[in-house]
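If you want the building blocks of each chain, they are given just below.
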Amino acid sequence: MTDGALTSTQADRTPERTGAPATEPHSGPTVGTAADIVVGIDGSPGSAAALTWAVTEAGRRGLRVRAVLGSCADEQPTAVRRSADAIAGPHDEATLAFAASHLLHETIGAAPIPAGLEVLEEVVDAPGAEALLTAGRDAAMIVVGARGRGLLHRLRLGSVSTSVAVHSPVPVVVARLPRSGDAGEPDADGLAGAGPVADGRLSPTSAPGQGTPHRRPVVVGVDGSPNSLAALRWAAVTAALRGAPLHVIHSWLAAVPLPLAETSGEIVQALEGQARAVLDESIEQVLGPIPGGEPGKPAEPGGTEPAVLRLAAPAPGSGEIDVCRQLIPASATRALLEASHDADLLVVGARGKGGFAELLLGSVSHQTMLHSAAPVAIIRA
């Protein structure tokens, strides 16, 4: 395979298929369009979960799936090397190219792809992250799989998923393997479920409006920054497509200096009011005026049931959504990780107002990508 070469076929969706696909050479990597969901394939369980997520989302949005496997002479996925081991002869470029095409073809064949959904297969002669960023730079989104939640995963700053999330100009979704237990159970590493975040936290069954069957919500964190507003807009459209409620979270307690936490309650109350204004102003900028309230002046809390707002989604034809505002006295990371246990999808901006470095381990987007119980979408303005 020559540098920059690409092979592509439309997937044959019969589950009985066992042979490698026929390929057609291209002069260079194909760039995805807004009609594509680009998904990274490497033969791992995480990438299989990413493919399943991408296929489901493509069906909702009326898009096609472009399944991309990056493999070159200097860097191949482990599954490609294993596939090449089963082929007699030296591991030359032709053998590795055949093994990569065969692996991708078999992965697509094993996926639950509905009739009528277009799926393209592409083996790109480039490392995984580079292949995805090239193929997906103009796509609707890029979907990657999570490696797991162990210590090694947390230290893999050079992983494909992290590299794509850091550098992609389009939304990136980090898919998750199906949850083995109840959504309320803590993660195996115990980080996400560190205890209750706030009294009166919204329960998953109270979010939808009356008569609406329970569906896991789409959860989004906001802080008033451009990226968080873009995340809210994307999350609102996504919730409308699912017919799911939208939970909008703003956390504030971590911003209170320690001496103030032990002084006047009026100061803390004022800070809480400012945080509440940020939450409502963010919603108003994206979804329009909040019914029954003045801009930046939401109704005071105190009811036993969280308020559910019925607002129009910010895309023509995408309908209305139930919106729950949640002001949570905790750090942003802790609040979002706690909410992820009940979520269908967690949406965050690529960076917040602090302007932290994108690879900083303490960043909200990076920590949620590593530890969330739900798939995570990372959005840039």
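Computed from a prediction, not measured in an experiment: that's the story for all the values here.

1. Things to note about helix α10 (residues 332-340)
Counted residue by residue, α10 has seven buried out of nine residues, so it is predominantly covered. Turning to α10, its buried residues are T333, A335, L336, L337, E338, A339 and S340. Buried residues along α10 sit against β8 (218-221), β9 (246-251), β11 (320-328), β12 (345-349) and α11 (364-371).

2. Some words on the confidence of the model for the protein chain
In low-pLDDT regions, the fine details of the predicted coordinates are not to be read closely. Averaged over every residue, the pLDDT of the protein chain is 75; the share at 70 or more is 68%. At the level of individual helices and strands, the protein chain shows its lowest average pLDDT in strand β2 (residues 24-26), which scores 36, and its highest in β8, which scores 97. A low-confidence stretch, residues 298-305 (pLDDT under 50), is modelled with five contacts involving residues beyond four sequence positions or located in other chains.

3. Remarks on helix α4 (residues 128-135)
Within α4, the full set of buried residues consists of G128, A129, A131, L132 and A135. One side of α4 carries all its buried residues, which in axial view fall inside an arc of 160 degrees. Turning to α4, the residues buried within the fold contact β3 (36-40), β4 (64-70), β5 (119-124), β6 (141-145) and α6 (160-167).

4. As for the packing of helix α1 (residues 45-61) against helix α7 (residues 226-242)
At a closest axis distance of 10 Å, the pairing of α1 and α7 adopts a crossing angle of 80 degrees. The orientation of α1 relative to α7 falls into the category roughly perpendicular. Taken together, the residues of α7 that come into contact with α1 (itself represented by W53, E57, R60 and R61) are W234, T238, L241 and R242. Class assignment for the residues of the contact of α1 with α7 results in three nonpolar, one polar and four charged.

What counts as what
- Counting of residues starts from 1 at the beginning of each chain's written sequence and follows it residue by residue.
- pLDDT decides what is reported in this predicted model: residues at 70 or higher carry local features, side-chain atom pairs at 80 or more are listed and counted, and totals for whole chains, interfaces and linings draw on all residues regardless.
- Hydrogens and water are ignored here; the side-chain numbers use all heavy atoms of the structure.
- In this scheme, a residue with accessible area under 20% of its type's maximum is buried, one over 50% is exposed, and one in between is partly exposed, where area comes from a 1.4 Å probe on protein chains only.
- In this description a helix means any DSSP run of H or I spanning at least four residues, a strand means any run of E spanning at least two, and both kinds are numbered starting from the N terminus.
- For this analysis, residues touch if any pair of their heavy atoms sits within 4.5 Å.
- pLDDT is a residue-level measure of predictor confidence that goes from 0 to 100.
- For this quantity, the arc is that covered by the directions from the helix axis to the C-beta atoms.
- Between N-to-C directions, angles cover 0 to 180 degrees, with each direction set by a line fitted to C-alpha atoms, over the stretch in contact for helices.
- Small angles under 35 degrees read as roughly parallel and large ones over 145 as roughly antiparallel, with 65 to 115 read as roughly perpendicular and the rest as oblique.
- Lys, Arg, Asp and Glu make up the charged group, whereas Ala, Val, Leu, Ile, Met, Phe, Trp, Tyr, Cys and Pro make up the nonpolar group; the residues left over, Gly among them, are polar.

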